[in-house]
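One-letter residues, chain by chain:
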Amino acid sequence: MARRLPLSKLHISKRLQCARYHMSYGHKWMAVLFSDEKKWKLDGPDGNIKYWHDLRKEPRSFFSRQSGGGSVMVWTSFIFNGQVGLTFLDGRQNSPKYIETLENHLMSFAENIGGRNW
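For every chain, the first residue of the written sequence is number 1, and numbering continues from 1 onward in sequence order. Given that this is a predicted model, residues contribute local features only at a pLDDT of at least 70 and side-chain atom pairs are listed and counted only at 80 or more, while totals for whole chains, interfaces and linings are drawn from all residues. Excluding hydrogens and water, the side-chain figures rest on all heavy atoms present in the structure.

Notes on the overall build of the protein
The test is simple: For the purposes of this entry, the term helix denotes a DSSP run of H or I that reaches at least four residues, the term strand denotes a run of E that reaches at least two, and both are numbered from the N terminus. A simple rule labels every residue: compare its accessible area, found with a 1.4 Å probe on the protein chains alone, to the largest value its type can have, and call it buried under 20%, exposed over 50%, or partly exposed in between. In these tables, accessible area is a Shrake-Rupley quantity obtained with a 1.4 Å probe, and a residue counts as shielded only by the protein chains included in the view.
When you go through the protein residue by residue, the secondary structure sums to 2 helices and 4 strands. In the protein, which comprises 118 residues, the share counted as buried stands at 13%. For the protein, the accessible surface area stands at approximately 10400 Å², while carbon and sulfur atoms represent 54% of it.

Some details on a nonpolar patch on the surface
The following threshold applies: Note on patches: the residues involved have over 30% relative accessible area and no salt bridge, like charges join within 9 Å, and the nonpolar side chains Val, Leu, Ile, Met, Phe, Trp and Tyr join within 5 Å. Just to be clear on terms, a salt bridge is a Lys or Arg side-chain nitrogen sitting within 4 Å of an Asp or Glu carboxyl oxygen.
A cluster of nonpolar residues, Leu 5, Leu 7 and Ile 12, forms a patch on the protein surface that exposes about 270 Å² of accessible area. Tracing the backbone through its elements, the reader meets Ile 12 in helix α1 (residues 9-23).

So, the side chain of Thr 101
Counted only if it meets this: Residues are treated as being in contact if the distance between any of their heavy atoms lies within 4.5 Å.
Structurally, the position occupied by Thr 101 is in helix α2 (residues 95-114). The exposure class of Thr 101 is buried, given its relative accessible area of 6%. Look past the residues within four positions of Thr 101 in its chain and what remains in contact with it is Trp 75, Leu 89, Gln 93 and Leu 106.

Concerning the pairing of strand β2 (residues 71-79)
As a reminder of what qualifies: Following DSSP output, two strands are said to pair if at least two bridges run between them.
In the sheet, strand β1 (residues 34-41) pairs with β2 via 8 bridges, with the strands oriented antiparallel. Along β2, the bridge assignment pairs Asp 36 with Thr 76. In terms of strand pairing, β2 meets strand β4 (residues 87-89) through 3 bridges, oriented antiparallel. Bridge assignment links Val 74 to a residue of β4, and that residue is Phe 88. The turn joining β2 and strand β3 (residues 82-83), which pair antiparallel and follow one another in sequence, is formed by 2 residues.

Observations regarding the side chain of Thr 76
Tracing the sequence through the fold places Thr 76 in strand β2. The contacts of Thr 76, once residues within four sequence positions are left out, are Phe 34, Ser 35, Asp 36, Gln 83, Val 84, Gly 85 and Leu 86.

Description of the confidence of the model for the protein
Using the following cut-off: Think of pLDDT as the predictor's per-residue confidence, scored from 0 to 100.
For the protein, mean pLDDT is 78; residues scoring 70 or higher make up 75% of the total. Ranking the elements of the protein by mean pLDDT puts β3 last with 72 and α1 first with 92.

Some details on the packing of aromatic side chains
Put simply, the rule is: Two rings belonging to Phe, Tyr or Trp (six-membered ring only in the last case) form a pair when the distance between their centres is within 6.5 Å. Interplanar angles under 30 degrees mark stacking, angles over 60 mark edge-to-face geometry, and anything in between is tilted. The rule is short: NZ of Lys or CZ of Arg within 6 Å of the ring centre and within 35 degrees of the ring normal puts a charge over the ring.
Scanning the entire structure with this criterion turns up 4 aromatic pairs. Between Tyr 25 and Trp 29, the aromatic rings sit 5.0 Å apart at their centres with planes inclined by 55°, giving tilted as the arrangement. Owing to a relative accessible area of 28%, Trp 29 belongs among the partly exposed residues under this scheme. Its end group placed over the ring of Trp 40, Lys 38 keeps NZ or CZ at 5.8 Å from the ring centre.

A short note on the environment of Ser 77
The topology assignment puts Ser 77 in strand β2. Looking at Ser 77, the relative accessible area reads 0%, which means it is buried. Along the chain, Ser 77 and Glu 37 lie 40 residues apart, while their C-alpha atoms are 8.8 Å from each other. Apart from residues lying up to four places away in sequence, Ser 77 is in contact with Leu 33, Phe 34, Ser 35, Gln 83, Val 84, Leu 106 and Phe 109.

Pasting the structure below:
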């Protein structure tokens, strides 16, 4: 794999501009809420044929079970000074399921930090 991302000069300039803009956000970061989800396959990488590894060591080999090893998907949200616990998600996360996840887990968390007007 390449040792670094293939960023153009425009990409680098835009990233730097964005970082400099947000450095001055100050106390506004207290009102920013992030959320994310991640899926882990239990028997190896999710279809990737490349992976990061220490070049001083032998490459690892992966296997997969014929019937699949299953997977775990988790979701969380966090703010400047706190986080809600990890939530284990069931099934595929399509649009209706993601809306359900946000309604069941994000809304109460957001209302606790900012009331109804968050």
